[in-house]
Amino acid sequence: MSSASGTDGVQPSGEVVTGRWDGVDVNFGEEGGRLTYGSYLRLEHLLDQQRLESDPVAHDELLFITIHQVYELWFKQILHELTASRDAMLTDQLWLAQHLLRRVHTIERTLTQQVDILETMTPQDFGEFRHRLSPASGFQSVQFREIEFLSGAKDPSFVKRFRGLSDLEKARLDQRLDEPTLWEAFLVVLDGAGFSTTNEDDLHKALQTVAGDRRQYAEIWELAEALLQHDELAASWRARHVVMVERMIGTKPGTGGSSGAGYLRSRLDLRYYPLLWDLRSSL
């Protein structure tokens, strides 16, 4: 890769530098100076957020921080898509709701795969800095709780039990508790199709009708399947996560004071949409 002047970009004098890269004419001038890759992504700030607590520095602490920051970025994206999917259901845009849920599925598979990267860290390596994490804990991930609340597993007791919430974080969780869930939006879809959703028996009959006549209720059936896939992938991540924790710390308590793997195992049976799972028994 070379340029006519031997320099990439704009000279300090402001002179436009031109050249050829892989046979393509490229110009770096005024239009390239208004927005750069780094400034658009705010990389200077982003890459300065991995602050290690260990002293002397533990080599694997950077990996630990990076993985969890990436998780939080993906959680932010999942919330963005799930919120939009719910709103699409509430406005009868079923195709859009399905499309956004499929994107969430892909992200959730990525979350599970990222555990493989974390497991390249040995228990001994983690032990070099784990004591510096207390009392911080993944239990305190507000965005993860938002995902659970929005998906349908609302838990007001979490807000009451968690004393480390900022005012902004508490407001976000309270908002998620107050607003419709994905399941409630799906019930609106069923109502719009003429089904009764007043009790569990009516809901079961409605779901059986949808499942039994996929030609007429194709969009509703596919939406139900997309919700179930979201539920299944969330369960897969929880299962993968608890095994990783057991591999890393065994039966030790969590840094935030929880029972560690024991608490995580108690969450394995969580289902966002139990009626969609129960439906399988009658098909």
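The following refers to the structure shown. Values in this document were obtained by computation on a predicted structure and should not be read as measured data.

Some points on the overall build of the protein chain
Right, so step 1: A tally of regular secondary structure across the protein chain gives 14 helices and 3 strands.
Right, so step 2: Put simply, the protein chain has 283 residues, and 40% of those count as buried.
Right, so step 3: Long-range contacts, defined here as pairs at least 24 residues apart, represent 65% of the contacts in the protein chain between residues at least 6 apart.
Right, so step 4: Counting every atom, the protein chain has about 16,500 Å² of accessible surface; 52% of that belongs to carbon and sulfur.

What to know about helix 4 (residues 61-90)
Right, so step 1: Helix length check: helix 4 (30 residues) gives 43 Å between terminal C-alpha atoms against 44 Å at 1.5 Å per residue, within 8%.
Right, so step 2: Looking at the residues trailing helix 4, positive phi occurs at Asp92, about 60°.

Some remarks on empty space enclosed by the protein
Right, so step 1: Evaluation of the coordinates by the stated rule reveals 1 cavity of 30 Å³ or more.
Right, so step 2: Size it by volume and the largest cavity reaches roughly 120 Å³.
Right, so step 3: For the largest cavity, the full set of lining residues is Phe75, Ile78, Glu108, Leu111, Phe144, Ile147, His230, Leu233, Ala234, Trp237, Arg238 and Tyr272.
Right, so step 4: Sorting the residues of the lining of the largest cavity by element identifies helix 4, helix 5 (94-118), helix 7 (142-151) and helix 12 (218-249) as the ones contributing at least two each.
Right, so step 5: With 5 residues, helix 12 is the single largest residue contributor to the lining of the largest cavity.
Right, so step 6: Partitioned by chemical class, the residues of the lining of the largest cavity number 9 nonpolar, 1 polar and 2 charged.

Quick notes on the rules
- Residues numbered from 1 in each chain as written.
- Predicted model: local features only at pLDDT ≥ 70, side-chain atom pairs only at ≥ 80, totals over all residues.
- Heavy atoms only, no water.
- Helix = DSSP H or I, 4+ residues; strand = E, 2+ residues; numbered from the N terminus.
- Buried < 20%, exposed > 50% of the residue type's maximum accessible area, 1.4 Å probe, protein only.
- Contact = heavy atoms within 4.5 Å.
- Areas by Shrake-Rupley, 256 points an atom, 1.4 Å probe, with all protein chains shown as cover.
- Expected span 1.5 Å × (residues − 1).
- 1 Å grid on protein atoms, 1.4 Å probe; cavity = no way out; pocket = protein on both sides within 12 Å on 5 of 7 lines; lining within 4 Å.
- Points joined across faces, edges and corners; volume = space filled by probe spheres on them.
- Nonpolar A, V, L, I, M, F, W, Y, C, P; charged D, E, K, R; others polar.

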